[in-house]
Amino acid sequence: MKRSFAVVVTGLVPVLLSTGLAVPVTAQQHFPATADLELMLRYMVEDGEAPGVALAVVDSDGTTRVAVYGAGPDGEPVTPETPFPIGEVTMTFTATLLADMAARGEVSLDDRVAEYMPDGVTVPSLSGYEITLRHLATHRSGLPAEPPVPYADFTLEDLYRFLGSYELDWVPGRSREISTVGYGLLGHALSRAAGTPLADLIRDRVLEPLGMAGAGFDPAIGPALRGGTGLLASATDMAAFVAANAGAADAALEGILGTTHEVRSGYDPEGEGYGFSWRTIARRGEPNRVTHGGRTPRSSVLVTFVPTTGIGTVVLASSPEFNDWAARDLLYFAAPSRPTVDVEPAVLRRYVGAYGSQGGRYRASPNSGSLYIRLDGDHLTYQPRGRIRTPLFALSDTSFYMLRAPLTVTFDEVGGVMEMAVVGDSRDPGWAGRTWRTWRVDTRTPRPDVAAENAPPWTAWGTGRWLILGLAGVVALGLLTRPLWSRRVAGR
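Residues numbered from 1 in each chain as written. Predicted model: local features only at pLDDT ≥ 70, side-chain atom pairs only at ≥ 80, totals over all residues. Heavy atoms only, no water.

1. Re the overall build of the chain
For the record, the criterion: What counts as a helix is a DSSP run of H or I of at least four residues, what counts as a strand is a run of E of at least two, and both are numbered from the N terminus. The contact rule is simple, with two residues in contact once any of their heavy atoms fall within 4.5 Å. All accessible-area figures derive from a Shrake-Rupley calculation using a 1.4 Å probe, and residue coverage is judged against the displayed protein chains alone.
Regarding its fold elements, the chain presents 13 helices and 21 strands. For the chain, contacts bridging at least 24 residues in sequence account for 62% of all contacts bridging at least 6. Split by element, the accessible area of the chain, about 21500 Å² in all, is 54% carbon and sulfur.

Next up, the structure:
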């Protein structure tokens, strides 16, 4: 196994996900080679997570790379230049425009939105408090998440009528709800303030300075909502956007991008704070990561970066149901590769066993979920049931490690039964040394001592418990039905 493979660990082992352990990022972090990333995407597509995926990574030196696999939103083979609808991630571009216009003195964050509406258009208010540009940018306006009609049907006239009749649920600034309507209104207000269509403003002040030549608005989305959705961008475009946002300084926009990340509404109990649309996650033991996601009927998008290290990822998938954790896992666990060794296919096949096309099936107890070890070409894959395959890298004939998780897998044949231990390694001090033991179930019969060690108390009855339970059931049924039969016999 001289070449390495990117790791797909969607959820890892479910029990590991439930721990909620903090994950540190080290200065040595870097992303796998592009070929490894492409293999990772291949597993995502082949295992049914999405018809196609594009992934962009930004390293701490500012370099960017793109990997792709499968079909894009249009059904054609995805390329680094394939445009994806990025949905609500469009808001981050409108937020950047707002920060730029405020820095130039063209608008003030505390300007009332009503100042930028045509005569006769009423903007809702409550208890004397009016909606400002700041309220819209931080999702604290009190406007709803969605328009009352489909996006493509929501015109400026619809927006004006909606504003005139809508009653706010709370005083502006008092609470928060992500609102496509609110960002649509923000974009329209900025357009009117500048006297220029929003699409032109974002192109001239954000897309072109950042080198996002292939990005632009979907013509199906009208100006009423373009501030909140409708931008189309490729993985190459988004790599440039994240590189600028993750960098220590964004020269192209003279530091504007950093101001959009600043937490302006405080952190909630979960350690999440919000800037201009961006969400900052600050949890103990983790570096602050800034993130924003979006979904459309044809795509899912997740942007994540760590300003203190300059690294970032963008995942664009041609499915609205895409739920892989690649963006986060690659930030945390894409550690330098360790030296690997070649392992003979015959040795690898020993770990797979003979459990049909499913490969080697491993379990920690008779009632636990199954893990599958398969042979794919010259490497093994690890797959919790219902998850995506994860390539394993050989450190020796018996020990293998993962790139997208701080885990090492070791195999050992004991008493004719193949055991597999999943061990936490030093990439996460919270997991280091923790071990989860499993055994291979070729014939659905676990090794007795391992089963007894991991099984709940009632399994100590053994297989005879079914006979005992059956006999008890017959006796109970007889006792319950005896009075009925006695009455029927007496009535004859």
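After presenting the structure, the write-up continues.
2. Considering helix α10 (residues 326–333)
For the record, the criterion: Each residue's exposure class comes from its accessible area (1.4 Å probe, protein chains only) as a fraction of the maximum for that residue type: buried when under 20%, exposed when over 50%, partly exposed otherwise.
For α10, a buried count of seven out of eight residues is recorded, marking the element as mostly surrounded by other parts of the structure. Of all the positions in α10, only Ala326, Ala327, Asp329, Leu330, Leu331, Tyr332 and Phe333 are classed as buried.

3. Considerations on the pattern of salt bridges
How we decide: Any carboxyl oxygen of Asp or Glu within 4 Å of a side-chain nitrogen of Lys or Arg constitutes a salt bridge here.
This model, assessed by the stated rule, comprises 17 salt bridges. The partner of arginine 389 in a salt bridge is aspartate 47, and the shortest N-O contact between them spans 2.9 Å. Highlighted residues: arginine 389 in the loop between β15 (379–384) and β16 (390–391) and aspartate 47 in the loop between α2 (34–46) and β1 (52–58), separated in sequence by 342 residues. For arginine 389, a relative accessible area of 13% gives the class buried. Note that aspartate 204 and arginine 203 form a salt bridge whose closest N and O atoms lie 2.9 Å from each other. Judged by its relative accessible area of 36%, arginine 203 falls in the partly exposed class. Each of Arg42, Glu46, Asp47, Asp376 and Arg389 takes part in salt bridges that share partners, so that together they form one network.

4. Remarks on the pairing of strand β2 (residues 64–70)
The cut-off we apply is this: Here, any two strands with at least 2 DSSP bridges between them count as paired.
Two elements, β1 and β2, share seven bridges in a ladder whose sense is antiparallel. The partner of valine 57 across the bridge, within β2, is arginine 65. Between the antiparallel neighbours β1 and β2 lie five residues, among them glycine 62 with a positive phi of about 90°.

5. Section: the confidence of the model for the chain
Rules: Confidence scores per residue from the predictor, reported as pLDDT, run from 0 to 100.
Per-chain confidence: the chain averages 83 in pLDDT, with 81% of residues scoring 70 or above. Contacts of residues 1–29 to residues separated by more than four positions or lying in other chains number 102 contacts, the stretch itself having pLDDT below 50. Counting contacts from residues 484–492, a segment whose pLDDT is below 50, to residues more than four positions away or on other chains yields zero contacts.

6. A look at the side chain of histidine 139
Tracing the chain through its elements places histidine 139 in the loop between α4 (133–137) and α5 (156–165). With near-sequence residues (within four places) excluded, histidine 139 lies in contact with Met91, Ser175, Arg176, Glu177, Ile178, Ser179, Tyr183 and Ser277.

7. Digging into the sheet that holds β16
Convention followed: Angles here are taken between N-to-C directions and fall from 0 to 180 degrees, while the axes themselves are lines fitted to C-alpha atoms, restricted in helices to the stretch in contact.
The strand order across the open sheet built from nine strands is β16-β15-β14-β13-β21-β20-β19-β18-β17, with neighbouring strands paired in antiparallel fashion. Every other strand in the sheet has two partners, leaving β16 and β17 (393–394) as the edge strands with one partner each. Pairing between β15 and β16: two bridges, direction antiparallel. Looking at β16, one finds that tyrosine 382 is bridged to threonine 390. Against the sheet, α2 contacts β14 (371–376), β15 and β16, and its axis sits at roughly 45° relative to β15. In the packing of helix α11 (residues 345–352) onto the sheet, contacts are made with β13 (360–363), β14, β15, β18 (399–401), β19 (407–414), β20 (417–424) and β21 (435–440), and the angle to β14 comes to roughly 155°.

8. Focus on the packing of aromatic side chains
Here is the rule we go by: The aromatic pairing rule takes the rings of Phe, Tyr and Trp, using the six-membered ring of Trp, and pairs them if the centres are within 6.5 Å, calling planes under 30 degrees apart stacked, those over 60 edge-to-face and the rest tilted. Throughout this description, the term charge over a ring refers to an Arg CZ or Lys NZ atom that lies within 6 Å of the ring centre and within 35 degrees of the ring normal.
Counted under the stated rule, the structure contains ten aromatic pairs. Centroid distance phenylalanine 393 to tyrosine 401: 5.2 Å. Interplanar angle 35°. Geometry classified as tilted. Accessibility expressed as a relative area gives 1% for tyrosine 401, which makes it buried. The ring of tyrosine 274 has arginine 176 sitting right over it, with the charged end atom 3.4 Å from the ring centre. When the ring centre of phenylalanine 276 is taken as origin, the NZ or CZ atom of arginine 264, which lies over that ring, is 3.9 Å away.

9. Thoughts on the environment of leucine 190
Assignment of secondary structure puts leucine 190 in helix α6 (residues 180–194). Sequence separation between leucine 190 and leucine 98 is 92 residues; the distance between their C-alpha atoms is 7.2 Å. With residues up to four places along the chain from it excluded, the contact list for leucine 190 reads Thr94, Leu97, Leu98, Met101, Val107 and Leu201.

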